[in-house]
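Summary of the model geometry
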Amino acid sequence: MRRTLIAGGLALLLLGTACGESRRSGPPAAAGSPTASRQDPGQVERTLASLRKIDDLPMYEMTYDGDYDPTAGLAGSTPPSPFGCSLFAALADRQRPVFARNFDWEPNPALVLRTDPPDGYASISLVDISYLGVPADPTGDRRLLDAPLLPFDGMNERGLAVGLAADDGARAEPVPGLPKVGSVRILRLVLDSAATVDEAVAVFRRYNLDFDGGPPLHYLLADATGASAVVEFVDGKLTVDRRQGPWQALTNVPAVGVPDRELRQDHRYGVLAKELDRTGGVVDAAGALRLLNAVRQSHTRWSVAYGLRSGEVRVVTAGGGTRDYRLPMSN
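Overview of the structure. (Residues numbered from 1 in each chain as written. Predicted model: local features only at pLDDT ≥ 70, side-chain atom pairs only at ≥ 80, totals over all residues. Heavy atoms only, no water.)

Moving on: the sheet that holds strand S14 (residues 237-242). As summarised here, the arrangement of the nine strands in space is S2-S3-S6-S7-S8-S9-S12-S13-S14, forming an open sheet in which the pairing is mixed. In this open sheet, the two strands that pair with only one neighbour each are strand S2 (52-55) and S14. Mean inter-strand twist for the sheet, computed between neighbouring axes without regard to direction, equals 20 degrees. Direction of pairing for S2 relative to strand S3 (residues 59-63): antiparallel, over a ladder of three bridges. Paired with Lys53 across the bridge in S3 is Tyr60. In this fold helix H3 (residues 197-205) packs onto strand S12 (217-222), strand S13 (228-234) and S14, with an angle of close to 170 degrees to the strand it touches most, S14. (Pairing = 2+ DSSP bridges. Helix = DSSP H or I, 4+ residues; strand = E, 2+ residues; numbered from the N terminus. Axes fitted to C-alpha atoms, helices over the stretch in contact; angles between N-to-C directions. Contact = heavy atoms within 4.5 Å.)

So, in structure tokens, the structure goes:
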């Protein structure tokens, strides 16, 4: 059953100690030109007024009030290559499956975004808002209304999580007759409409992914049932590698069809694999963040752990600040 997060007060609860800016008496002056917003003026005002700075990264949080068009300007360009990302799903504990990731890139402003579209699933996602063209202080910038279009990772109310990483050796050959979608935008389409890994894979298969303007990417998916998969392009074709053991991980090396011993030669993958083997794929949120810390790099911008059944989300920024959120689940 869909949950409405905005009407009647925010049911998407911020659990951590408040460290954001004080509430403003009214919305800031508008700037920028959004393309995806399908909001009325009141919804725009409430969305922009919800912006709070929560960390000196800088990182902000915002609750999106109303609707957006996730297909606006569908084939948007792909951001430049991250230096490296590390992702894993620890799924052996059926009551506490966890999806976790480090996002490693430049010190751009970031956003914890809460959305609840009227015709899709509610979600929490993390966005590098520099790709919207906004400054380090985006207060009042209407381009924030396009933030739903650029999730770099996220989880929805059904416990479906997805994250991306650069895979410079991949290429995507277009399938005749399919529409083209940006390779970051696809995450929004997945979060809004897919409840399971199978449904998420079906979303990927409905589009030609556009890597123009940025690196090829591959993706890790996981859901509340304990399923997971890597989506990757092999010889130009979309290929899916479904989980065979109690965990699945992804860094910036090709993973599909690659022997495990070769994958472990990648340092970050090897560290993840060794610890996940040791625990048998049982990791709680605190343990997931410790493991992410073991593979963090000097340019890790945020680490995040998503509880796929609990709806708990813990975000740790480059400066060490921690924020806890809870997404009401409908699974």
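So, about H3. The α-helix advances 3.6 residues per turn, and as a result positions three or four apart in sequence lie on the same side. Buried residues of H3: Val197, Ala200, Val201, Val203 and Phe204, and no others. All buried residues of H3 project into a common sector of 155 degrees when viewed along the axis, lining one side. Those residues of H3 hidden inside the fold are in contact with helix H2 (185-193), strand S11 (208-210), S12, S13 and S14. (Buried < 20%, exposed > 50% of the residue type's maximum accessible area, 1.4 Å probe, protein only. Arc of directions from axis to C-beta.)

So, about the pattern of salt bridges. Counted under the stated rule, the structure contains 17 salt bridges. Its salt-bridge partner being Asp192, residue Arg188 comes within 3.1 Å of it at the nearest N-O pair. Here Asp192 and Arg188 lie together in helix H2, a separation of four residues that amounts to about one turn. Given the relative accessible area of 0%, Arg188 is considered buried. One salt bridge connects Asp260 with Arg264, and the closest N-O pair in it is separated by 2.5 Å. Shared partners join several salt bridges into a network, and the residues in it are Glu61, Arg114 and Arg323. (Salt bridge = Lys/Arg side-chain N within 4 Å of Asp/Glu carboxyl O.)

For the rest of this paragraph, the subject is the pairing of strand S8 (residues 151-156). Counted residue by residue, S8 has six buried out of six residues, so it is predominantly covered. Where S8 meets strand S9 (residues 161-166), three bridges bridge the pair, whose relative direction is antiparallel. Bridging from a neighbouring strand, Met155 pairs with Ala161 of S9. Counted between consecutive antiparallel strands, the loop separating S8 from S9 contains four residues, among which Gly159 sits at a positive phi close to 85 degrees.

Now for the environment of Arg188. For the pair Arg188 and Phe152, spaced 36 residues apart in sequence, the C-alpha to C-alpha distance is 9.1 Å. Excluding its chain neighbours within four sequence positions, the residues that come into contact with Arg188 are Tyr68, Pro70, Leu113, Thr115, Ser123, Ser125, Pro148 and Pro151.

A separate point is the environment of Ala285. Within the element layout of this structure, Ala285 appears in helix H6 (residues 285-294). Overall, the relative accessible area of 28% leaves Ala285 in the partly exposed class. For Ala285 and Ala90, which are 195 residues apart along the polypeptide, the C-alpha to C-alpha distance reads 10.0 Å.

Applying the stated criterion across every chain yields a total of eight aromatic pairs. Between Tyr64 and Tyr68, the aromatic rings sit 5.4 Å apart at their centres with planes inclined by 90 degrees, giving edge-to-face as the arrangement. Between Trp247 and Tyr269 the ring centres are 6.3 Å apart and the planes differ by 55 degrees, which places this aromatic pair in the tilted class. Linking Trp247 in strand S15 (residues 247-250) with Tyr269 in helix H5 (residues 267-279), this pair joins segments that are 22 residues apart in sequence. (Phe/Tyr/Trp six-rings, centres within 6.5 Å; stacked < 30°, edge-to-face > 60°.)

As a further point, take the packing of H2 against H3. In the contact formed by H2 and H3, the axes pass within 9 Å of each other and the chain directions differ by 140 degrees. Between H2 and H3, the angle falls in the class oblique. In the packing of H2 onto H3, the handedness of the crossing is right-handed. Of H3, the residues touching H2 (which contributes Ile186, Leu189, Val190 and Ser193) are Glu199, Ala200, Val203 and Phe204. (Parallel < 35°, antiparallel > 145°, perpendicular 65-115°, else oblique. Left-handed = near helix turned anticlockwise from the far one by under 90°.)

On their own, these measurements won't tell you what the molecule is for.
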